[in-house]
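A closer look at the structure
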Amino acid sequence: MSAWVLPDHIADVLPSEARHIEELRRGLLDTARCYGYELVMPPLLEHLESLLTGTGEALDLQTFKLVDQLSGRSMGLRADTTPQVARIDAHLLNRKGVTRLCYCGPVLHARPDRPHATREPLQFGAEIYGHSGLEADLEALQLARECLGIAGVYETTIDLADVRIVRALLEEVVLPASHIASIHSALAAKDTAALTELAKEFPRHSREALLALPQLYGDVSVLDEAQKVLKDIPGVEVVLSNLRWLASRLEGATVSFDLADLRGYAYYSGARFAIYAPGASDALVRGGRYDEVGAVFGRNRPAAGFSLDIKQLVSVVAPRALRAAIRAPWGEDAGTSAAIAVLRKSGETVVCVLPGRESEVDEFCYDRELVCKAGQWVVQPIDCFEN
């Protein structure tokens, strides 16, 4: 095998895309800061028992594991940053009031989480801790939408659901974990035949409600239908009211509902959302409420937020134009060096053309050039060409 062949679903990022990713990373962090979110940087590598505490089997399977050469202990490379941020909120900050935290860094997946996905996403996320009201859920949604706007994604559909509906349906029955997992799988596949078999011993109203869930998807009228079908299930009316409240405040958004969507069921504790856009094979953003995320760290308090993969986001939007630059001649005299230094200090990109390299291709669009006129170095415009 050639030494330059990379592992499956791992890739180098070339200059234009790398610049796009970096500019977007800065834009997203600046946007989160404008909402009052503070940046944290958890480690990429942790002791395995700390990294996977309370995360469940799904994240365990996604985590690369290795042995620490210093201590001999098992370690893991993070596959998701949210549990680490929950630990920071619970132990290192330990604030009494609301805490807003954001992060951006690579995560590693043992397996791609969707077709053609990278196993090295660049994960950006924002979390708000300490407020149980719907205002926190709405703020997470609003910030997520604004972040997509920064990337140039405006035509989106927001899909809303709430894991408490299924939890309420299953509260009246005692089932082994394997049976519950089978129900979740059948709901995700909208497999009514499998659900019928799995729920045959359920009380009648629970069985009928469960079998109705796969059909409860679509626009806001779904909530009206759900209110009729699920009226005998305790707590569902409040959940439906909360979803209606959130949807009514997403001005200008296309909102849909899928009450059988259980992706992340073990992780979320309430409303969850996914944001889709044309051209994307999967959701660009996933988030919601996960109040139990800090419980394993000894501090169970309200939490809501979202995350996205900047690499995925860049792959579905138009490439950015080449960066404008000033073309300058190569020279060692003090005048040339001084003129170039002044331009660079002012924030300009100045590329010195090395002797004999005038026609080589790079990642800049030269719209100006530095020329010497009457003994003075001046910048004059030229026709920008993408060479």
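It should be noted that the structure appears before, not after, this text.
Basis of the calculations
Residues numbered from 1 in each chain as written. Predicted model: local features only at pLDDT ≥ 70, side-chain atom pairs only at ≥ 80, totals over all residues. Heavy atoms only, no water. Helix = DSSP H or I, 4+ residues; strand = E, 2+ residues; numbered from the N terminus. Buried < 20%, exposed > 50% of the residue type's maximum accessible area, 1.4 Å probe, protein only. Contact = heavy atoms within 4.5 Å. Areas by Shrake-Rupley, 256 points an atom, 1.4 Å probe, with all protein chains shown as cover. Lys, Arg positive; Asp, Glu negative; His and termini not counted. Charge placed at Lys NZ, Arg CZ, Asp CG, Glu CD. Pairing = 2+ DSSP bridges. Axes fitted to C-alpha atoms, helices over the stretch in contact; angles between N-to-C directions. Salt bridge = Lys/Arg side-chain N within 4 Å of Asp/Glu carboxyl O. Parallel < 35°, antiparallel > 145°, perpendicular 65-115°, else oblique. Nonpolar A, V, L, I, M, F, W, Y, C, P; charged D, E, K, R; others polar. Left-handed = near helix turned anticlockwise from the far one by under 90°. Core = buried A, V, L, I, M, F, W, Y, C linked by side-chain atoms within 4.5 Å. Phe/Tyr/Trp six-rings, centres within 6.5 Å; stacked < 30°, edge-to-face > 60°. Patch = residues over 30% accessible without salt bridge, like charges linked within 9 Å, V, L, I, M, F, W, Y side chains within 5 Å.

1. Remarks on the overall build of the chain
- A count of helical and extended segments in the chain gives 13 helices and 16 strands.
- Taken along its principal axes, the extent of the C-alpha atoms in the chain is 95 × 55 × 50 Å.
- Relative to its full complement of 387 residues, the chain shows a buried share of 46%.
- Put simply, of all contacts in the chain between residues at least 6 apart along the chain, 67% involve residues at least 24 apart.
- Of the accessible surface of the chain, which amounts to about 19900 Å², a share of 54% is contributed by carbon and sulfur atoms.
- Positive and negative side-chain charges of the chain, numbering 40 and 53 respectively, have mean locations separated by a distance of 3 Å.

2. Quick look at the sheet that holds strand β14 (residues 350–353)
- The sheet built from four strands is open, its strands ordered β14-β13-β15-β16 with mixed pairing. Each edge of the sheet is formed by a strand with only one pairing partner; in this case those strands are β14 and β16 (376–381). Ignoring strand direction, the axes of neighbouring strands in this sheet form an average angle of 35°.
- Direction of pairing for strand β13 (residues 323–329) relative to β14: parallel, over a ladder of four bridges.

3. Some points on the sheet that holds strand β10 (residues 271–276)
- The strand order across the open sheet built from nine strands is β1-β5-β6-β12-β11-β10-β7-β9-β8, with neighbouring strands paired in mixed fashion. A strand with exactly one partner marks an edge of an open sheet, and here the two such strands are β1 (38–39) and β8 (217–218).
- Looking at chain direction, strand β5 (residues 99–106) and strand β6 (residues 122–129) are connected through eight bridges and run antiparallel. Across the sheet, residue Y103 finds its bridge partner in β6, namely G125.

4. Here we look at the pattern of salt bridges
- All told, the structure shown has 27 salt bridges when counted by the stated rule.
- The salt bridge involving R25 is made with E22; its shortest N-O contact spans 2.7 Å. Of the two residues, R25 and E22 both sit in helix α1 (residues 15–34), three residues apart, roughly one turn of that helix.
- Of the residues examined, R25 reaches a relative accessible area of 25% and is grouped as partly exposed.
- When the shortest N-O distance is used, the salt bridge between E360 and R357 registers 2.7 Å.
- In this structure E360 comes out as partly exposed when scored by relative accessible area, which is 39%.
- What you see here is one network of salt bridges that share partners, running through R19, E23 and R320.

5. Some remarks on the pairing of strand β7 (residues 157–162)
- Burial within β7 is extensive, with five of its six residues counted as buried.
- Bridge count for β7 against strand β9 (residues 254–258) is four bridges, and the pairing is parallel. By the bridge assignment for β9, D159 is matched with S256.

6. A few points about the packing of helix α10 (residues 221–229) against helix α11 (residues 236–248)
- Between α10 and α11, the shortest axis-to-axis distance is 10 Å and the interhelical angle comes to 175°. As summarised for this structure, α10 and α11 are arranged roughly antiparallel, according to the angle between their axes. Between α10 and α11, the contacting residues are L223, D224, A226 and Q227 on the first element and E237, L240, L243 and R244 on the second.
- The residue makeup of the contact of α10 with α11, split by class, is four nonpolar, one polar and three charged.

7. Side note on the packing of helix α5 (residues 134–150) against α11
- Contact geometry for α5 and α11: axes closest at 10 Å, N-to-C directions at 40°. Classified by the angle their axes make, α5 and α11 are oblique. Relative to α11, the crossing made by α5 is right-handed. Across the interface between the two elements, L134, E135, D137, L138 and L141 of α5 pack against N242, W245 and L246 of α11.

8. Observations regarding the nonpolar core
- One finds L160, L213, F273 and F306 to be the most contacted residues of the largest nonpolar core, which totals 71 residues.
- With eight residues, α5 is the largest single contributor of residues to this core.
- Aside from chain neighbours lying at most four places away, what touches L160 is L141, L243, L246, A247, V255, S256, F257, D258, R272 and F273.
- In this structure, A90, L101, Y290 and F297 belong to the second largest nonpolar core, which totals 14 residues.

9. Quick notes on the packing of aromatic side chains
- If you walk through the whole model with that rule in mind, you get two aromatic pairs.
- Their ring planes at 55° and their centres at 6.1 Å tell us that F124 and F306 sit as a pair that is tilted. Residue F124 is located in strand β6, and its partner F306 is located in strand β12 (residues 303–309); the two are separated by 182 residues in the primary sequence.
- Given the relative accessible area of 0%, F124 is considered buried.
- Ring geometry for Y268 versus Y290: centroids 6.0 Å apart, planes at 45°, classification tilted. A residue pair is termed long-range when its members are at least 10 positions apart, and Y268 in the loop between β9 and β10 and Y290 in the loop between β11 (285–289) and β12 qualify at 22 residues. Y290 matches Y268 in its accessibility class, with the two residues each being buried.

10. Examining a nonpolar patch on the surface
- Residues L44, L45 and L66 make up a contiguous nonpolar surface patch of roughly 210 Å² in combined accessible area.
- With respect to the element layout, L66 can be found in strand β3 (residues 64–67).
- For L66, a relative accessible area of 35% corresponds to the partly exposed category.

11. Considering the side chain of K311
- With respect to the helices and strands, the residue K311 is situated in helix α12 (residues 310–315).
- Ignoring sequence-local partners within four residues, the contact set of K311 consists of V13, I21, T118, E120 and L122.

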